[in-house]
Amino acid sequence: MEYYNYLKSLHLIFVITWFAGLFYIVRLFVYQIEAAAKPSPEKEILQTQFKIMSYRLWYIITWPSAVLASFFAFWMLFFTPTGNAWLQMPWMHVKLGFVFVLYLYHLKCHQIFKQLQNDEVKYSTNFMRLWNEGATIILFAVVFLVVLKNAVNWIYGVIGIVLFSVLIMLGFKFYKNIREKNSGQ
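The shown structure was predicted, so the numbers you read here are calculated from the model rather than taken from an experiment. (Residues numbered from 1 in each chain as written. Predicted model: local features only at pLDDT ≥ 70, side-chain atom pairs only at ≥ 80, totals over all residues. Heavy atoms only, no water.)

### Comments concerning the packing of aromatic side chains
This is how the line gets drawn: Any two rings among Phe, Tyr and Trp, with Trp reduced to its six-membered ring, count as a pair given centres within 6.5 Å; such a pair is stacked if its planes are under 30 degrees apart, edge-to-face if over 60, and tilted if neither. Comment: elements are numbered from the N terminus, with helices defined as DSSP H or I runs of at least four residues and strands as E runs of at least two. Buried means the residue's accessible area, taken with a 1.4 Å probe over protein chains only, is under 20% of the maximum for its type, while exposed means over 50%, and partly exposed covers the values in between.
Inspection of every chain in the model, using the stated rule, returns 19 aromatic pairs. The interplanar angle of 80° and the centroid separation of 5.5 Å between the aromatic rings of tyrosine 59 and phenylalanine 113 together place this pair among those described as edge-to-face. Here the residue tyrosine 59 occupies a position in helix α2 (residues 42-78), and phenylalanine 113 occupies one in helix α4 (residues 90-117), the gap between them amounting to 54 residues. Since its relative accessible area comes to 31%, tyrosine 59 is described here as partly exposed. With a relative accessible area of 2%, phenylalanine 113 lands in the buried category. A ring pair is formed by phenylalanine 71 and tryptophan 75, whose centres lie 5.7 Å apart and whose planes are at 65°; its orientation type is edge-to-face. Here tryptophan 75 and phenylalanine 71 lie together in helix α2, a separation of four residues that amounts to about one turn. For phenylalanine 71, a relative accessible area of 44% translates into the label partly exposed.

### Looking at the pattern of salt bridges
What counts here: For this document, the term salt bridge refers to a Lys or Arg side-chain nitrogen within 4 Å of an Asp or Glu carboxyl oxygen.
Going through the model one piece at a time under the given rule, you end up with three salt bridges. The closest approach of N and O atoms between glutamate 34 and arginine 129, which form a salt bridge, is 3.1 Å. Of this pair, glutamate 34 sits in helix α1 (residues 2-36) while arginine 129 is found in helix α5 (residues 125-148), placing the two residues 95 residues apart along the sequence. Judged by its relative accessible area of 29%, glutamate 34 falls in the partly exposed class. Of the charged contacts in the structure, one is a salt bridge between glutamate 120 and lysine 122, with a shortest N-O distance of 3.7 Å. For glutamate 120, a relative accessible area of 33% gives the class partly exposed.

### Some remarks on the packing of α1 against α4
Counted only if it meets this: Throughout, an axis means a line fitted to C-alpha atoms (over the contacting stretch in the case of helices), and angles, computed between N-to-C directions, take values from 0 to 180 degrees. Whether a crossing is left-handed or right-handed is set by the direction in which the near helix is turned from the far one by less than a right angle, anticlockwise for left-handed and clockwise for right-handed. Should any heavy atoms of two residues lie within 4.5 Å, those residues are counted as being in contact. Amino acids outside the nonpolar list (Ala, Val, Leu, Ile, Met, Phe, Trp, Tyr, Cys, Pro) and the charged list (Asp, Glu, Lys, Arg) are all regarded as polar, and Gly is one of them.
Relative to each other, α1 and α4 sit at 35°, their axes nearing to 11 Å. Viewed along their axes, α1 and α4 form a crossing whose handedness is left-handed. For the pair α1 and α4, the contacting residues are His11, Trp18, Phe19, Leu22, Ile25, Val26, Phe29, Gln32 and Ile33 in the first and Lys95, Leu102, Tyr103, Tyr105, His106, Cys109, Ile112, Phe113, Leu116 and Gln117 in the second. Of the residues assigned to the contact of α1 with α4, the class counts are 14 nonpolar, four polar and one charged.

### A closer look at the confidence of the model for the protein chain
Put simply, the rule reads: Per-residue confidence from the prediction method is given by pLDDT, with values spanning 0 to 100.
Overall, the prediction assigns the protein chain a mean pLDDT of 90, with 94% of residues at 70 or greater. Across the protein chain, α2 holds the top mean pLDDT of 96, while helix α6 (residues 154-183) sits lowest at 79.

### Overview of α2
Put simply, the test is: The span you would expect from a helix comes to 1.5 Å times its residue count less one. Here the bend at each residue means the angle between axes fitted to two seven-residue stretches, the one ending at that residue and the one beginning there.
Along its 37 residues, α2 runs 52 Å from first to last C-alpha, staying within 8% of the 54 Å computed at 1.5 Å per residue. At tryptophan 58, α2 shows its maximal kink, close to 35°.

In structure tokens, the structure reads:
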């Protein structure tokens, strides 16, 4: 059973690096979209650099971290004595639902990554800044589920996540207004 703590440690390490990659890749998307609006030769220089940075982050850190985080999670769930017990708990079902949503988010980021690698700009920087908050909401939900487990009242938990999302949206609007005000001066 001692190896379980090693598995959990590895799982957590790769979850952290996965989220770090997701947070940073979307920031790079913002920079790539901003670079596309610059005049030549600045545009080409920045786009080339951001493509290299995005490629390395995506394929060397983010994807491997996602795969390894899932690998160690499956190992803990299906090949340890406590794993079957975890799978019987309602909070784990909700957590796995959020992990599924996280993978959908990751796959959408992959689609955006591929578009930007091909110089296709389909989203605004404001959309990307808002999109970046999706991973934050999922992270908060999963951490609270894992830490509080059965102490979570599902109704209050859902209300809390909705209120947190509203606060993020309001913060985004406030930040956007400040940026627009400062750029107009």
